[in-house]
Amino acid sequence: MRHEQIKKLAASGMLVAVIICLSGFYIPVGASKCFPVQHMVNVLAAVLLGPWWGVGIAFCASLIRNMMGTGTLLAFPGSMVGALCCGLMYGATKKLLPTCFAEVFGTGVLGGLLAWPVAVFVMGKTAALFAYVLPFLVSTAGGTLIAAVLIGIMMKSHALDYLRAVLEN
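In this text the structure is predicted, and so the values were computed from the model without any measurement.

1. As for the overall build of the chain
Tallying secondary structure elements over the chain gives seven helices and two strands in all. Reading the helices (α) and strands (β) of the chain from amino to carboxyl end gives α-β-β-α-α-α-α-α-α. Judged by the C-alpha coordinates and their principal axes, the chain covers about 50 × 30 × 25 Å. Within the span of the chain, comprising 169 residues, buried residues form 44% of the whole. When contacts within the chain are restricted to residue pairs at least 6 apart in sequence, long-range pairs at least 24 apart make up 68% of them. Element-wise, carbon and sulfur atoms account for 76% of the exposed surface of the chain, whose accessible area totals about 8300 Å².

Here you go:
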């Protein structure tokens with residue numbers, strides 16, 4: 001394994017730890033638990049690590065939260081699709097605003113729609129097709145806003161440049 005990949009793996013582990021440590025902070029919206037910290041980390045991972053690392057972080061955090069009993073199976077489609085969308089968008093544009101919109105669309109709309117078959121066929125719940133879109137939008141909007149503010153501060157203070165340099169060298 002290359003030195004750069006080891007650094008990214010360590011950073012990913014720390015981001016998973018942030019999600020798990022702050023998983024007690026959630027907003028109940030309908031049948032889902034909304035974790036804005038997950039979405040904040042999705043955007044941070046997109047900007048610092050890339051889409052595949054972001055998806056891996058989202059998967060690991062969802063798995064651990066489920067094993068701990070602090071999350072539901074609905075965490076998988078929402079967090080992973082959002083991480084993929086915002087990671088791909090950042091890779092294509094290198095701009096924060098489209099990346100944030102991609103996180104909101106990926107988690108809120110696509111993840112919300114993909115949560116339906118998980119809820120109905122895996123969890124045995126009765127739900128309308130669009131039942132999870134609004135709760136997922138609420139969750140991702142809050143977390144994405146936090147990420148945008150945090151990354152904006154990191155850009156102005158050059159902390160983001162420093163972190164990128166550390167991860168790439």
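On we go from here.
2. Quick look at helix α4 (residues 75-93)
When the terminal C-alpha atoms of α4 are compared, their 27 Å separation across 19 residues agrees well with the 27 Å that a helix rising 1.5 Å per residue should span. Taken together, the buried positions of α4 are occupied by Ala75, Phe76, Pro77, Gly78, Ser79, Val81, Gly82, Ala83, Cys86, Gly87 and Tyr90. Taken from the residues just after α4, Lys94 is the one with a positive phi, measuring 60°.

3. Structural notes on the packing of helix α2 (residues 36-48) against α4
For the pair α2 and α4, the least separation of the axes is 8 Å and the interaxial angle reads 30°. Judged by the angle between their axes, α2 and α4 are roughly parallel. Of the two possible hands of crossing, α2 and α4 adopt the one that is right-handed. Across the interface between the two elements, Gln38, Asn42, Val43, Ala46 and Val47 of α2 pack against Ser79, Gly82, Ala83, Cys86, Gly87 and Tyr90 of α4.

4. Some points on the state of the cysteines
Counting across every chain of the model gives zero disulfides. Just so you know, Cys60 is unpaired, no disulfide at all, and the nearest cysteine sulfur is the one on Cys21, 15 Å from it. By relative accessible area, which is 34% here, Cys60 ends up partly exposed.

5. Quick look at the nonpolar core
Counting 27 residues, the largest nonpolar core has Val41, Leu49, Ile57 and Ile151 as the members making the most contacts within it. Those residues in contact with Ile57, other than ones at most four positions away along the chain, are Ser12, Leu15, Val16, Ile19, Val41, Ala45 and Leu49. Core analysis: the next-biggest nonpolar cluster, separate from the first, contains six residues, Leu74, Ala119, Tyr132 and Phe136 among them.

6. Brief notes about the packing of aromatic side chains
Per the stated rule, a full pass over the model turns up three aromatic pairs. Ring centres of Trp116 and Phe121 lie 5.7 Å apart, and the angle between their planes is 80°; this geometry places the pair in the edge-to-face category. On the basis of relative accessibility, which here comes to 23%, the residue Trp116 falls in the partly exposed class. Aromatic pair Tyr132 and Phe136: ring centres 6.2 Å apart, planes at 50°, arrangement tilted. The burial state of Tyr132 is the same as that of Phe136; both residues are buried.

7. Here's the deal with the pattern of salt bridges
On inspection of all chains with the given rule, the structure shows two salt bridges. For Glu4, the salt bridge is made with Arg2, and the minimal N-O distance between the two is 3.8 Å. Take Glu4: its relative accessible area is 24%, and that puts it in the partly exposed class. With a shortest N-O distance of 3.7 Å, Glu4 and Lys8 are connected by a salt bridge. Here Glu4 pairs with Lys8, and both are found in helix α1 (residues 3-21), just four residues apart, close to one helical turn.

What counts, and at which threshold
Residues numbered from 1 in each chain as written. Predicted model: local features only at pLDDT ≥ 70, side-chain atom pairs only at ≥ 80, totals over all residues. Heavy atoms only, no water. Helix = DSSP H or I, 4+ residues; strand = E, 2+ residues; numbered from the N terminus. Buried < 20%, exposed > 50% of the residue type's maximum accessible area, 1.4 Å probe, protein only. Contact = heavy atoms within 4.5 Å. Areas by Shrake-Rupley, 256 points an atom, 1.4 Å probe, with all protein chains shown as cover. Expected span 1.5 Å × (residues − 1). Axes fitted to C-alpha atoms, helices over the stretch in contact; angles between N-to-C directions. Parallel < 35°, antiparallel > 145°, perpendicular 65-115°, else oblique. Left-handed = near helix turned anticlockwise from the far one by under 90°. Disulfide = S-S within 2.5 Å. Core = buried A, V, L, I, M, F, W, Y, C linked by side-chain atoms within 4.5 Å. Phe/Tyr/Trp six-rings, centres within 6.5 Å; stacked < 30°, edge-to-face > 60°. Salt bridge = Lys/Arg side-chain N within 4 Å of Asp/Glu carboxyl O.

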